[in-house]
Every structure is written in structure tokens, then in C-alpha cells.
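One letter stands for each residue in the lines below.
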Amino acid sequence: MKNGPKPKFATYRKMLEKKAEEVRRSMSAQKAAQVVARLDVPSDEGDLSQQHHEEWIFLNRNSLDMKLLREVGDALQRIETDNYGTCPECDEPISTKRLDAVPWARYCVTCQERIATRQAAGEEVDEFEEASR
Ligand SMILES: [Zn+2]
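Engineer: I'd love a proper account of the overall build of the protein, names of residues and values included.
Structural biologist: Across its full length, the protein carries 5 helices and 0 strands. Moving toward the C terminus, one meets the helices and strands of the protein in the order α-α-α-α-α. For the protein, with 133 residues in total, the buried portion stands at 17%. A separation of at least 24 residues holds for 63% of the contacts in the protein among residues at least 6 apart in sequence.

Pasting the structure below:
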């Protein structure tokens, strides 16, 4: 298909682009806030550990943003390559309801849940995908 994404995905594309923009903006805002905080570095020990704590939160949040940004980027890529909206696990179309809620969803609900269960056994469950939007 040479005429770009299918019209029915154009809306999702817009949503994804908007989301990517939001995440990028939030990341640079955090970065800016961190730089500002650094200009005002207190030097005694107590404040230093507080600062480490904040840094940890920042890094943690930032990596979630990074991950989300990557998910959104992947979804945009799938629209470009015409693979969007199909679950790679079972080859079934992902429901519109799900895509409306989580436009960057890669798997259908059934497969996502199975993967989550699998991850719960070992790694941490990737909950943010459903939670942060
Ligand atoms: Zn599936």
C-alpha cells in the first residue's frame, strides 16, 4: 500500500504522535527541573542522600517514559509497515476498544494477559502500559 496508512489507522496515528509529543515534553520538563535542582546543590550529607533519592525517582520515571516512548514509536512503525492492529502472538486483530484505550498496544487482551502472567512468574509485570495514559 503506497497511499500511506489506512484511513482507519489515521486517528491512531494522530493519537500516537500526540502521545509521543507529550512524553517527550514531559521528559524534557523533568530534565530541565533536574538541571535547575542541580544549580542549587546543598552540600551537607543529609541533603545529599535526599538528592540521591530524588535522582532515583527521576531516573525511574524517566525510564518508564523512555519505555512508553519506545512503545509509541513501535506502534507508529507498525502503522507505517501496515502491521498495526494485529496481534503478533495469535495473528488476530486487536479490538478497536483496546486500541482506543491503548493505541500503542502490541498484543490483544488475551495474549497481553498471558504475557503478563508469564512475566509475573519471573520479571516484574509491565503494568504501566495499561496504566499510564
Ligand atoms: Zn493475541
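Engineer: Tell me what's going on with the nonpolar core, and back it up with residues and numbers.
Structural biologist: The biggest cluster of nonpolar side chains holds 16 residues, and the ones touching the most others in it are Tyr-12, Leu-16, Val-72, Ala-75 and Ile-79. Looking at this core, the elements with two or more residues in it are helix H1 (7-39) and helix H2 (45-80). Sequence-distant contacts of Leu-16, that is, excluding residues within four places in its chain, are made with Val-72, Ala-75, Leu-76, Pro-103 and Trp-104.

Engineer: Quick one: what's the story with unusual backbone geometry, residue by residue and with numbers?
Structural biologist: With phi around 70°, Asp-82 is a residue other than glycine that occupies positive phi space. Relative to the assigned elements, Asp-82 resides in the loop between H2 and helix H3 (96-101). For Asp-82, a count of 13 C-beta atoms within 10 Å translates into the label partly exposed. Positive phi outside glycine occurs at Asp-91, with the angle close to 65°. Considering the arrangement of structural elements, one finds Asp-91 in the loop between H2 and H3. Exposure remark for Asp-91: the 8 C-beta atoms within 10 Å place this residue in the exposed category.

Engineer: Residues and numbers for the environment of Thr-96, please.
Structural biologist: Among the secondary structure elements, Thr-96 is positioned in helix H3. For the pair Thr-96 and Gly-85, spaced 11 residues apart in the sequence, the C-alpha separation amounts to 8.3 Å.

Cut-offs and rules
- Residues numbered from 1 in each chain as written.
- Predicted model: local features only at pLDDT ≥ 70, side-chain atom pairs only at ≥ 80, totals over all residues.
- Helix = DSSP H or I, 4+ residues; strand = E, 2+ residues; numbered from the N terminus.
- Buried ≥ 20, exposed ≤ 12 C-beta atoms within 10 Å, placed from the backbone.
- Contact = placed C-beta atoms within 7 Å.
- Core = buried A, V, L, I, M, F, W, Y, C linked by C-beta atoms within 7 Å.

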